[in-house]
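Structural characterization, general
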Amino acid sequence: RKAMPITATVFIIASMALAGLPFTSGYLSKDAILVSVFEWADLNGGAYWLFPVVISITSWLTAFYIFRVVFKVFFGTFRLPQKLGLQMPGRVLHEAPALMKYPVIILALFCFGFVYALNPISLDSSWLYHAFHLQTHNEGKYHVFIPLYINVMSISLIAIAYLVYGRKKIALNLEHTRLYAFSYNQWYFNEFYQKIIVNPIMFKTRVFYAFDQKVIDGVVNSSAKVVLGLSKIAN
């Protein structure tokens, strides 16, 4: 954070927008999505309520994991030499060059809600929202309830992430659990893809290649030898 103040600042601003915190553009877009899904579930009822539940959990997980990155990268100690087992000079971190720095500053400005709405916490005041000629949300309980319960939980999870990864006041010690291994290995999707998709295709290509080399090319080459032999006899 001290070595890269501008990078840290714009990254934190972008993280706030990604988490959908108030006064950011992400708050407005998340409000549009969540309120629409809740109204849709309320209209249809039954199993349709599963969708608001899933999208709420996804929103909370997003807030937690992006601020986990923030606290581990910008609030923790520099552990790269220790992790790699290398000796590095004391000051290896530095600010991004101007060609990268100024564009991200501009992008960070567009993460604020006031760029898109006179009232940065009201979706209905967004000029961008009305530019698409979308149907205005019905004023009701969801306009008050959804942003409140989503952001209270998101801020609580961010605080927990800070205690765990920023201050290290809480030790999770999940490294040896199956859930950790499952998550660390990306749900073993790569292994599944390798065994179910890649390996059968590679086996098929090896079989076809061998068939081409041994059978097709063998027949062609043998036929050529026979023709050459007959040509010599005829000659």
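Up top you'll find the structure we're talking about.
Below or above, wherever it landed, is the structure these notes cover. Please read all numbers here as calculations on a predicted model, not as lab measurements.

So, on to the overall build of the protein chain. Along its length, the protein chain carries nine helices and zero strands. Tracing the protein chain from N to C terminus, the helices and strands come up as α-α-α-α-α-α-α-α-α. At 29 Å, the protein chain has a C-alpha radius of gyration far larger than the 18 Å of a compact globule built from 235 residues. Along the longest, intermediate and shortest principal axes, the C-alpha atoms of the protein chain span 95 × 60 × 45 Å.

So, on to helix H1 (residues 5-19). Between its first and last C-alpha atoms H1 spans 21 Å; for 15 residues at 1.5 Å apiece the expected length is 21 Å, and the two agree. Ala-8, Val-10, Ile-13, Ser-15, Ala-17 and Ala-19 are the residues of H1 that are buried. Positive phi shows up at Gly-20, right after H1, with a value of about 75°.

The final tally for this structure, using the stated rule, is 17 aromatic pairs. A ring pair is formed by Phe-64 and Tyr-165, whose centres lie 6.2 Å apart and whose planes are at 65°; its orientation type is edge-to-face. Here Phe-64 is found in helix H3 (residues 50-74), whereas its partner Tyr-165 is found in helix H7 (residues 141-166), with 101 residues between them in sequence. A centroid spacing of 5.1 Å and a plane angle of 65° characterise the contact between Phe-71 and Tyr-162, whose relative ring orientation is edge-to-face. Here Tyr-162 lies in helix H7 and Phe-71 lies in helix H3, a separation of 91 residues in the sequence. The class of Phe-71 is buried, set by a relative accessible area of 7%.

Bringing a nonpolar patch on the surface into the picture now. A cluster of nonpolar side chains, Leu-179, Phe-182, Trp-187, Tyr-188, Phe-189, Phe-192, Tyr-193, Ile-196, Ile-197 and Ile-201, forms an exposed patch at the surface whose accessible area comes to about 1,100 Å². Sort the elements by how many residues they give to the nonpolar patch and helix H9 (residues 189-234) lands first, with six residues. Checked against the element boundaries, Ile-201 lands in helix H9. Take Ile-201: its relative accessible area is 41%, and that puts it in the partly exposed class.

This next bit is on the environment of Leu-172. Topologically, Leu-172 is positioned in the loop between H7 and helix H8 (178-184). Sequence separation of Leu-172 and Pro-52 is 120 residues, and the distance between their C-alpha atoms is 28 Å. Sequence-distant contacts of Leu-172, that is, excluding residues within four places in its chain, are made with Val-164 and Tyr-165.

The next point concerns the environment of Ile-170. Following the sequence through the fold, Ile-170 ends up in the loop between H7 and H8. Since its relative accessible area comes to 35%, Ile-170 is described here as partly exposed. Between the alpha carbons of Ile-170 and Asp-212 there is a distance of 62 Å; along the sequence they are 42 residues apart. Once residues lying within four places of it in the same chain are set aside, the contact partners of Ile-170 are Leu-163 and Val-164.

Our focus in this paragraph is the packing of helix H2 (residues 25-44) against H3. Direction vectors running N to C along H2 and H3 enclose 160°, while the axes themselves pass 9 Å from each other. By the angle class used here, H2 and H3 are roughly antiparallel. For H2 against H3, the interelement crossing comes out left-handed. Contacts from Lys-30, Ile-33, Leu-34, Val-37, Phe-38, Trp-40 and Ala-41 in H2 reach Phe-51, Pro-52, Ile-55, Ser-56 and Ser-59 in H3. For the contact of H2 with H3, the residue count by class is nine nonpolar, two polar and one charged.

Procedures and definitions
- Residues numbered from 1 in each chain as written.
- Predicted model: local features only at pLDDT ≥ 70, side-chain atom pairs only at ≥ 80, totals over all residues.
- Heavy atoms only, no water.
- Helix = DSSP H or I, 4+ residues; strand = E, 2+ residues; numbered from the N terminus.
- Rg over C-alpha atoms; globule rule 2.2 N^0.38 Å.
- Expected span 1.5 Å × (residues − 1).
- Buried < 20%, exposed > 50% of the residue type's maximum accessible area, 1.4 Å probe, protein only.
- Phe/Tyr/Trp six-rings, centres within 6.5 Å; stacked < 30°, edge-to-face > 60°.
- Patch = residues over 30% accessible without salt bridge, like charges linked within 9 Å, V, L, I, M, F, W, Y side chains within 5 Å.
- Areas by Shrake-Rupley, 256 points an atom, 1.4 Å probe, with all protein chains shown as cover.
- Salt bridge = Lys/Arg side-chain N within 4 Å of Asp/Glu carboxyl O.
- Contact = heavy atoms within 4.5 Å.
- Axes fitted to C-alpha atoms, helices over the stretch in contact; angles between N-to-C directions.
- Parallel < 35°, antiparallel > 145°, perpendicular 65-115°, else oblique.
- Left-handed = near helix turned anticlockwise from the far one by under 90°.
- Nonpolar A, V, L, I, M, F, W, Y, C, P; charged D, E, K, R; others polar.

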